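Listed below are the residues making up each chain.
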Amino acid sequence: MSTQAFDKRKETLASMCDERARMLQDQFNVSMNHVQAMSILISTFHHARNPSAIDQGTFARYTERTAFERPLTSGVAYAVRVLHSERKEFEKQQGWSIRRMDTLEQTPVHKDDEYDRDGLEPSPVQAEYAPVIFAQDTIAHVISVDMLSGEEDRENVLRARESGKGVLTAPFRLLKTNRLGVIKTFAVYKTDLPSNATPNERIQATDGYLGGVLDIESLVEKLLQQLASKQTILVNVYDTTNLSHPISMYGSNVSSDGVEHVSALNFGDPFRRHEMRCRFKQKPPWPWLGITTATGILVIALLIGQIFHATINRIAKVEDDYHEMMVLKKRAEDADVAKSQFLATVSHEIRTPMNGVLGMLHMLMDTNLDVTQQDYVSTAQASGKALVSLINEVLDQAKIESGKLELEAVCFDVRATLDEVLSLFSGKSQEKGVELAVYISDKVPDVLIGDPGRFRQIITNLMGNSIKFTEKGHIFVMVHLVEEVIESSEEFKMESSLKHTLSGLPVADKRQSWRNFVAFNQEGSAAFTSSSLGQINLIVSVEDTGVGIPLDAQSRIFTPFMQVGPSIARIHGGTGIGLSISKCLVQLMKGEIGFVSLPKIGSTFTFTAVFTNGRCNWNEQKSQQISNPSNSVSSEFHGMRALIVDPRTVRARVSQYHMKRLGVHSEVVSDLNHGLSYLRTDNRVTNMILIEQEVWDTDLGMSSLFVKNLRNIDANDPPKLFILANAINSNRVGVANGFSTPFVIMKPLRVSMLAASLQRAMGVGNKGNCTHGELSGSSLSKLLQGRKILVVDDNNVNLRVAAAALKKYGADVVCTDSGKKSITFLKPPHQFDACFMDIQMPEMDGFEATKRIRDMESDINSRIQLGQLPVEAYGNASSWKVPILAMTADVIQATNEQCQKCGMDGYVSKPFEAEQLYQEVSRFFHVKPNQNS
């Protein structure tokens, strides 16, 4: 910035200096032009006329009057050319002698009264002379002076006549004023001289010489006075014809700041050179802008340095924190491993004896017990299962906290899954007289791909809370597609009114439970609408008419181990982690969960979950189950028609939903009178009539009349009459006068139970002892008949439980208590079809034993393939691999992965039930379903 200011100062000086040089040059040229114009006047009126029209007086007056046109000249004089031969005649004519110039130059400064022209010496003899004959009064003292007698003047005069241009003298002190000046000389030629004359022709045509005296100092002073900024800079004018010794024509040698500019001057004489040198009078001001800018930059640099310093320190601190964090992370990982090991150990140590307890109790239930003993055993079993459930919840919470909980992706029937959950709570709901129902929209596919166990766990947790806190009314589970709910919001608004609830009691508005879901805002709705066809977005609501959740407790309802209050915990029990686990599971399923609750009205919990539309070999999977789903019996009722008598729309729709699953077409009427009207007007055959118990018991007289009219309508084959009862004490329904008791179907409705009841009443399908979808004991004993199974466990109780469970299905069971012994048993050739292997055993655990068995099988198989061993010696089997299933009390993911890594084909977690063992092992056998099942 200082350099820029200096350059700007130089530019300003150059501009000012060039301006003054140009003005000085212009004014000089104007004056010289007037002097040159006088040469034409002299040539015309003096030399061209005889006698001359000009004398000294005339010339003096003319020059005095026209002096304003030559403001820069001190005077004008004319010297005539006189040859030596003409000198005497010339001196006689003029009345004075020609004088020498050099004498005058010795005393150039004279006062007017001191100057004596007659005292000058005569000009020496020479070829020609140039005496001044006319002069302006200001320089009249030069009259008679020979201009050729001075050395420098002679040279200038000769150059002027040869070149035809004005010629300048070197600067000299003017007479009288003692100021520096110059003389510019012009040659006066004859009028007939051509413009392209040669130097000799010009010399011959010369008549005289006209000179103008210029006072340079006055000239520059007048120029500077015309400029307002004359005091700003110092001006010097030099004659630089001799560069080594320039002559100062104007100015002083006052010191300046060293900045100088030189402007060239052209006074019309190519032989002489002049220039103007300019300097600032004042020193340059302090560069405050540069100083402040530099200071600011310095401050900024210091700040940046401080920032860098702080950044480096921060980086160092972050690195230290990172290293510390890595140490803490390592400790946390070690603690997590220790925690997992602790949980696995504790789980194993608790589950192993619990397996014996529950297994022996199950075996005890198969013996002959009286009612009291059965009650005691059932209570013990329930307590044991509750303890196992608590252990599972604690393990799930630990998995969630460690981020190791993973979901399966298998095909499952969502409707069958909900039926299984209903079966868990049917007894409790019947004891309380609480209506329990499930409704799944027709738009929900039959088969989904996901984790059925975790899906079942979420609904079980929510229904468990509902059954726990509901003493009257209903618990209603509804499953729809998210898109369906978005498109039918008005329908769901209607279902929240009193007339459209399952039990008729008021409920919380379920729509409020999903009001904050992303799926139901504008962007989420568009995302669901544009989702791929294979993706199924379910929304599940669990509605109850329980005590509700206090408002002050609703904000922490999903906090682990949170209880609504101490009194609630004492009355209803529970650990308080079910909802927390459910929320985490919902998030793993890419869904959301919310609720709405009104004290003394009830609560509704709603969650969404994302599944895939499944199309797998469902029939093959179903053939491996003990209880056949509804599809196996739906063909027996396909095409039948039913009439449902129910005044409640929602409840009637649930009944229709289950009947439709059996292939039965149903119609709904609100009371018995409408039912009779329908039967009389409808020409189609109605095979069965399902009447809600509250309709039946309200007016037994009307019920009796209904039965009588029913027989009148079709006396030969009247429709079968069923009463839909809810409470356990409803087994005894009112009997119409003299008529047989209608068949009672206990709620909650499940398709397997409903099918069994209809089969017994209508005489179709299985008429044996199949109750509640279970097989008889004789049928069970044939499922694994002819199968030889090895059970390996170091715990004698577990051996007895597993052996008894497998023998129940007809299997031939061999037991051993050592991993080493199992290797001997399973060394090919052998007769075993499968093996259940405990994991934690002394001397050799199940993993090592399995690995050695697999290595042994692989070695024998390869040797048979290479022909090193005869196939006949190994039972004509070219490939040996016995299914090995782990029996483990460790349910953590790492144990499962280790089972697969060592070559196991599956695992059963302890405590296990007989069904679990059968379902797991039957995957490896081609089991034909029992014909009566």
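Bear in mind the structure is a predicted one, so any value in this text is a computation, not a measurement.

Caption draft 1: Main features of the side chain of K184. Here K184 shows up in strand β7 (residues 180-189). We note that K184 is buried and unpaired, the nearest opposite charge coming from D269 at a distance of 7.3 Å. Reaching out from K184, the side chain makes a polar contact with the backbone oxygen of F267 at a distance of 2.7 Å. Sequence-distant contacts of K184, that is, excluding residues within four places in its chain, are made with F28, M32, G166, V167, L168, L210, G211, G212, L214, F267 and G268.

Caption draft 2: Examining the UniProt feature "transmembrane region" (unreviewed entry) in the protein chain more closely. Following the UniProt record, one finds the feature "transmembrane region" (unreviewed entry) at residues 286-308. In the segment residues 286-308, helix accounts for 91% and strand for 0%; the C-alpha atoms at its two ends are 33 Å apart.

Caption draft 3: The arrangement of the nonpolar core in detail. Ranked by internal contacts, the top residues of the largest apolar core, which has 66 residues, are L24, F59, Y78, V132, L210, V237 and M276. With 10 residues, the single largest contributor to this core is helix α1 (residues 2-47). Sequence-distant contacts of L210, that is, excluding residues within four places in its chain, are made with V35, M38, S39, I42, F59, V76, A77, Y78, K184, T185, F186 and V188. Listed in part, the 52 residues of the second largest apolar core include V444, L448, L502 and F607.

Caption draft 4: Structural view of the confidence of the model for the protein chain. Overall, the predicted model of the protein chain reaches an average pLDDT of 82, with 84% of residues at or above 70. Counting interchain partners and residues more than four positions distant, the pLDDT-below-50 stretch residues 567-571 has 3 contacts. Note on residues 928-933: pLDDT is under 50 here. Beyond four places in sequence and across chains, it has 5 contacts.

Caption draft 5: Quick look at the side chain of D451. Note that D451 resides in the loop between β15 (447-450) and α11 (452-469). Buried within the structure, D451 lacks any salt-bridge partner; its nearest side chain of opposite charge belongs to R454, at an N-O separation of 4.6 Å. Beyond its immediate chain neighbours, meaning those up to four positions away, D451 contacts E406, L407, E408, F412, M589 and F611.

Caption draft 6: Summary view of a nonpolar patch on the surface. A cluster of nonpolar side chains, I300, I304, F308 and I312, forms an exposed patch at the surface whose accessible area comes to about 410 Å². With respect to the helices and strands, the residue I304 is situated in helix α8 (residues 288-365).

Caption draft 7: Just the pattern of salt bridges, in detail. Under the defined criterion, the tally for this structure stands at 36 salt bridges. Between D905 and R854 there is a salt bridge; the shortest N-O distance is 2.8 Å. Taken together, the residues span a long stretch of sequence, with D905 in the loop between α28 (893-902) and β29 (906-909) and R854 in helix α27 (residues 846-865) at a distance of 51 residues. Taking relative accessible area as the criterion, D905 reaches 25% and is therefore assigned partly exposed. Since its relative accessible area comes to 12%, R854 is described here as buried.

Caption draft 8: Just the state of the cysteines, in detail. Following the criterion strictly, the structure yields 1 disulfide and no others. Here C17 is linked by a disulfide to C278, with a sulfur-sulfur distance of 2.1 Å. Residues C17 and C278 are joined through a disulfide that is right-handed, its torsion about the S-S bond being 70°. Residue C17 is found in helix α1, and its partner C278 is found in strand β12 (residues 274-280); the two are separated by 261 residues along the sequence. Judged by relative accessible area, C17 falls into the buried class, the value being 0%. No disulfide involves C899; its nearest neighbouring cysteine sulfur is the one of C902, lying 5.9 Å away. Relative accessible area serves as the criterion here: at 3%, C899 is assigned to the buried category.

Caption draft 9: The sheet that holds strand β9 (residues 233-239), seen in detail. The strand order β10-β9-β12-β11 describes an open sheet built from 4 strands, whose pairing is antiparallel. Two strands close off the open sheet at either side, each with one partner strand: β10 (247-250) and β11 (260-265). Strand after strand, the sheet turns through a mean of 30° between neighbouring axes, direction not considered. Helix-sheet contacts for α1 involve β9, β11 and β12, and the interaxial angle to β11 is about 25°. Helix-sheet contacts for helix α7 (residues 216-225) involve β9 and β10, and the interaxial angle to β10 is about 50°.

Caption draft 10: Structural view of the packing of aromatic side chains. All chains considered together, the criterion is met by 15 aromatic pairs. Taken together, the ring pairs in this structure connect F412, F455, F607 and F611 into an aromatic cluster. Over the face of the ring belonging to F280 we find R9, whose NZ or CZ atom lies 4.0 Å from the ring centre. Looking at R277, its charged tip hangs above the ring of Y238, at a distance of 4.5 Å from the centre.

Caption draft 11: Just unusual backbone geometry, in detail. Omega for the peptide link from K747 to P748 comes to 5°, which places this bond in the cis form. When you line up the elements, P748 lands in the loop between β24 (743-746) and α23 (751-762). Cis geometry is found at the peptide bond from P828 to P829, where omega equals -5°. Here P829 is to be found in the loop between α26 (819-825) and β27 (834-838). Despite not being glycine, S144 shows a phi value in the positive range, around 85°. Mapped onto the secondary structure, S144 falls in the loop between β4 (132-135) and α5 (151-163). Located in the positive-phi region is E843, a residue other than glycine, with phi close to 75°. Note that E843 resides in the loop between β27 and α27.

Caption draft 12: Fine view of the sheet that holds strand β20 (residues 641-645). Taken in spatial order, the 5 strands make up an open sheet running β21-β20-β22-β23-β24, and their pairing is parallel. The open sheet has two free edges, formed respectively by β21 (665-669) and β24, since each of these has just one partner strand. Looking at each pair of strands side by side, their axes are set apart by 25° on average, direction ignored. In this structure, β20 lies alongside β21, joined through 5 bridges in parallel fashion. Bridge assignment links R641 to a residue of β21, and that residue is H665. Sitting on the sheet, helix α20 (residues 672-681) is in contact with β20, β21 and β22 (688-692), with an inclination near 155° to β20.

Basis of the calculations
Residues numbered from 1 in each chain as written. Predicted model: local features only at pLDDT ≥ 70, side-chain atom pairs only at ≥ 80, totals over all residues. Heavy atoms only, no water. Helix = DSSP H or I, 4+ residues; strand = E, 2+ residues; numbered from the N terminus. Buried < 20%, exposed > 50% of the residue type's maximum accessible area, 1.4 Å probe, protein only. Lys, Arg positive; Asp, Glu negative; His and termini not counted. Salt bridge = Lys/Arg side-chain N within 4 Å of Asp/Glu carboxyl O. Polar contact = N/O pair within 3.5 Å; in protein donor to acceptor, adjacent residues only side chain to side chain. Contact = heavy atoms within 4.5 Å. UniProt positions renumbered as here; feature names shortened; annotations may be inferred. Core = buried A, V, L, I, M, F, W, Y, C linked by side-chain atoms within 4.5 Å. pLDDT = per-residue confidence, 0-100. Patch = residues over 30% accessible without salt bridge, like charges linked within 9 Å, V, L, I, M, F, W, Y side chains within 5 Å. Areas by Shrake-Rupley, 256 points an atom, 1.4 Å probe, with all protein chains shown as cover. Disulfide = S-S within 2.5 Å. Pairing = 2+ DSSP bridges. Axes fitted to C-alpha atoms, helices over the stretch in contact; angles between N-to-C directions. Phe/Tyr/Trp six-rings, centres within 6.5 Å; stacked < 30°, edge-to-face > 60°. Lys NZ or Arg CZ within 6 Å of the ring centre and 35° of its normal.

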